[in-house]
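# Examining the three-dimensional arrangement
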Amino acid sequence: MPMTAVTEDLVVLLDDDGAPVGTHARADVHGTSTPLHLAFSCHLFDRAGRLLMTRRALAKRTWPGVWTNSFCGHPRPGEDPVDAVHRYAAHELGIAVVDVRPALPDFRYRAVDAGGVVENEVCPVFFASTDQEPAPRPDEVAEHVWADPADVALVVRRAPWTLSPWFVEQVDQLGAGSPYA
């Protein structure tokens, strides 16, 4: 993979086995034929064990206005996914996170939104904690709320169409022993 300037916001393209095969500009990687690429998803908890749920900004390219997990993003080429979690928490939510740990290290999904835009990602899922109150960027997050994970699991079971498809799949795969059980 060629070296690129840090100022470029690139995603890592992957082959079917999850091995890196190149890069693509993040700004235009998602479309009707999105290539498989590396991402991450983070479920952020406070000291009381509540989950930060976010509603995606209406300007987002995929699933605008949809409620989902705390935040998601894309590691840059050569960037450790845990470092990307820290970078995105600061960028999107204006907070620092601690105790970042893998929850579903091999999570992978493909979904198509109502506008035909495809998500196609190898997307390790992390749990993390914070004792800070988010100050989200409005171009990333329209709304946010701290929610009891048991209540979130109930919504996943009873009204999955109200949530992002990746979050529904993640909660289902986490299953017994997770905060959502």
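In this text the structure is predicted, and so the values were computed from the model without any measurement.

## A closer look at the overall build of the protein
- Counting secondary structure elements, the protein contains three helices and 12 strands.
- Projected onto its principal axes, the C-alpha coordinates of the protein cover approximately 45 × 30 × 30 Å.
- Burial status across the protein gives 48% buried among its 181 residues.
- Contacts in the protein between residues far apart in sequence, at least 24 positions, make up 65% of those at least 6 positions apart.
- Approximately 8,800 Å² of the protein is accessible, and the part contributed by carbon and sulfur atoms is 54%.

## Things to note about the packing of aromatic side chains
- Under the defined criterion, the tally for this structure stands at eight aromatic pairs.
- Taken together, a centroid distance of 5.4 Å and an interplanar angle of 75 degrees make the contact between Phe40 and Tyr88 edge-to-face. Of the two residues, Phe40 sits in strand β4 (residues 40-45) while Tyr88 sits in helix α1 (residues 81-93), which places them 48 residues apart along the sequence. Neither residue differs from the other here; Phe40 and Tyr88 are each classed as buried.
- Here a set of aromatic residues connected by ring pairs shows up, and it is made of Phe45, Phe127, Phe167 and Tyr180.

## What to know about the layout of surface pockets
- There is about 590 Å³ of room inside the largest pocket.
- Surrounding the largest pocket, 31 residues form its lining, Arg26, Arg56, Lys60, His74 and Glu140 being those nearest its centre.
- With four residues, the single largest contributor to the lining of the largest pocket is α1.
- When grouped by side-chain class, the residues that make up the lining of the largest pocket number 10 nonpolar, nine polar and 12 charged.

## Overview of the side chain of Thr34
- Its place among the elements puts Thr34 in the loop between β2 (20-25) and β3 (37-38).
- You can call Thr34 buried: its relative accessible area is 5%.
- Within polar-contact distance, the side chain of Thr34 engages the backbone nitrogen of Gly31 at 2.8 Å.
- Polar contacts involving the side chain of Thr34 include one to the main-chain carbonyl oxygen of Val118, which spans 2.6 Å.

## A word on the pairing of strand β5 (residues 51-56)
- The element β5 is extensively covered by neighbouring structure, given that five of its six residues are classed as buried.
- Here β5 pairs with strand β12 (residues 141-147) via six bridges, running antiparallel. Counted as the bridge partner of Arg55 is Glu143 from β12.

## Some remarks on unusual backbone geometry
- Here the phi dihedral of Trp63 falls at roughly 50 degrees; this positive angle occurs in a residue that is not glycine.
- By secondary structure assignment, the location of Trp63 is in the loop between β5 and β6 (67-68).
- Even without a glycine there, the phi angle at Asp99 is positive, about 55 degrees.
- Note on placement: Asp99 falls in strand β8 (residues 98-104).
- The partly exposed category is assigned to Asp99, whose relative accessible area is 46%.

## Brief notes about helix α3 (residues 165-174)
- Taken together, the buried positions of α3 are occupied by Trp166, Phe167, Val168, Gln170, Val171 and Leu174.
- One or two positions beyond α3, positive phi appears at Gly175, with a value near 50 degrees.

What counts and how
- Residues numbered from 1 in each chain as written.
- Predicted model: local features only at pLDDT ≥ 70, side-chain atom pairs only at ≥ 80, totals over all residues.
- Heavy atoms only, no water.
- Helix = DSSP H or I, 4+ residues; strand = E, 2+ residues; numbered from the N terminus.
- Buried < 20%, exposed > 50% of the residue type's maximum accessible area, 1.4 Å probe, protein only.
- Contact = heavy atoms within 4.5 Å.
- Areas by Shrake-Rupley, 256 points an atom, 1.4 Å probe, with all protein chains shown as cover.
- Phe/Tyr/Trp six-rings, centres within 6.5 Å; stacked < 30°, edge-to-face > 60°.
- 1 Å grid on protein atoms, 1.4 Å probe; cavity = no way out; pocket = protein on both sides within 12 Å on 5 of 7 lines; lining within 4 Å.
- Points joined across faces, edges and corners; volume = space filled by probe spheres on them.
- Nonpolar A, V, L, I, M, F, W, Y, C, P; charged D, E, K, R; others polar.
- Polar contact = N/O pair within 3.5 Å; in protein donor to acceptor, adjacent residues only side chain to side chain.
- Pairing = 2+ DSSP bridges.

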